[in-house]
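Next come the chains, spelled out residue by residue.
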Amino acid sequence: MLVVAAGTMAQAGLAALVESAAGLDVAASVGPGSVRDVAGQLEPDICLLDLEGSRDVESAVAGVLADLDCPLVVVAEARAFRAAMEAGAAGVVTPGIPAGSLGAALEAVGQGVGVVYPPGSLLEVRAAAAPGEQAMGRPVEALSPRELEVLRLLSAGLTNQQLAATLSISEHTAKFHVSAVLGKLGVQSRAEAVSTGYRLGLLTV
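Residues numbered from 1 in each chain as written. Predicted model: local features only at pLDDT ≥ 70, side-chain atom pairs only at ≥ 80, totals over all residues. Heavy atoms only, no water.

Chemist: A description of the pattern of salt bridges should follow, citing residues and the corresponding values.
Modeler: For the coordinates displayed, the defined rule picks out four salt bridges. A salt bridge links Asp67 to Arg36, with the nearest nitrogen and oxygen atoms 2.8 Å apart. Highlighted residues: Asp67 in the loop between helix 3 (57–65) and strand 4 (72–75) and Arg36 in helix 2 (residues 35–42), separated in sequence by 31 residues. With a closest N to O distance of 2.9 Å, Glu86 and Arg82 form a salt bridge. With Glu86 and Arg82 both in helix 4 (residues 81–86) and four residues apart, the pair spans about one turn of that helix. By relative accessible area, Glu86 is classed as partly exposed at 44%. (Salt bridge = Lys/Arg side-chain N within 4 Å of Asp/Glu carboxyl O. Helix = DSSP H or I, 4+ residues; strand = E, 2+ residues; numbered from the N terminus. Buried < 20%, exposed > 50% of the residue type's maximum accessible area, 1.4 Å probe, protein only.)

Chemist: Lay out helix 9 (residues 160–167) in plain terms, naming residues and giving numbers.
Modeler: Within the sequence span of helix 9, burial applies to Asn160, Leu163, Ala164 and Leu167. Projected down its long axis, helix 9 carries its buried residues within an arc of 100°, all on one side. Seen from the buried face of helix 9, the exposed residues on the opposite side, beyond 90 degrees, are Gln161 and Ala165. Packed against the buried residues of helix 9 are helix 8 (145–155), helix 10 (171–185) and helix 11 (190–199). Ser168 occupies a position one or two residues after helix 9 and carries a positive phi of about 60°. (Arc of directions from axis to C-beta. Contact = heavy atoms within 4.5 Å.)

Chemist: Please provide a residue-by-residue account of the packing of helix 8 against helix 11, values included.
Modeler: Two numbers describe how helix 8 lies on helix 11: the axes approach to 9 Å, and their chain directions differ by 110°. As judged from the angle between their axes, helix 8 and helix 11 are roughly perpendicular. Every pair of crossing elements has a handedness; the one defined by helix 8 and helix 11 is left-handed. From helix 8, Leu151, Leu154 and Ser155 reach across to helix 11, where they touch Arg190, Ala193, Val194, Gly197 and Tyr198. Among the residues making up the contact of helix 8 with helix 11, the classes are represented as five nonpolar, two polar and one charged. (Axes fitted to C-alpha atoms, helices over the stretch in contact; angles between N-to-C directions. Parallel < 35°, antiparallel > 145°, perpendicular 65-115°, else oblique. Left-handed = near helix turned anticlockwise from the far one by under 90°. Nonpolar A, V, L, I, M, F, W, Y, C, P; charged D, E, K, R; others polar.)

What follows is the structure, given as structure tokens:
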């Protein structure tokens, strides 16, 4: 796990938050200009980039991603979510995210799930990024195998707690999976997700 922030205090604070989440270890915490120097040596599986207050989120994300070969999660204000995602971030979370939620978000990104925290803002980001596709009722992106599995479990009426138990993941991570499915399908409820899944042929009777 690599933590990137513009200042030693910010680096230490973010690293402490990550380490307080169960099972997460920070291999290094550096400034944006040092990513290239450490990324090749450490080969991190995930990078967490603090861009709180940044005026050019898109350029900052693109610059860090150019030196990485792993998913990037960005800490930024909600207004910067769309820019971060369009620049290639795998996840975006707001400052002040609880350690448990951050751990679940990083776990979900590690499993290939795009994450937005708080989850309720995912639909707004997707709609803003591709309004035409949403209006036409098509998924903005194809569902991953895990998301298809979640959709099938939703069609069986499972709760988040039951999803977590079935998939051997935390309930926090289950919520992120459900949110990702809703966002990609452009719907706002589980029932709509299941209905859309049948209509698109993602689910069969």
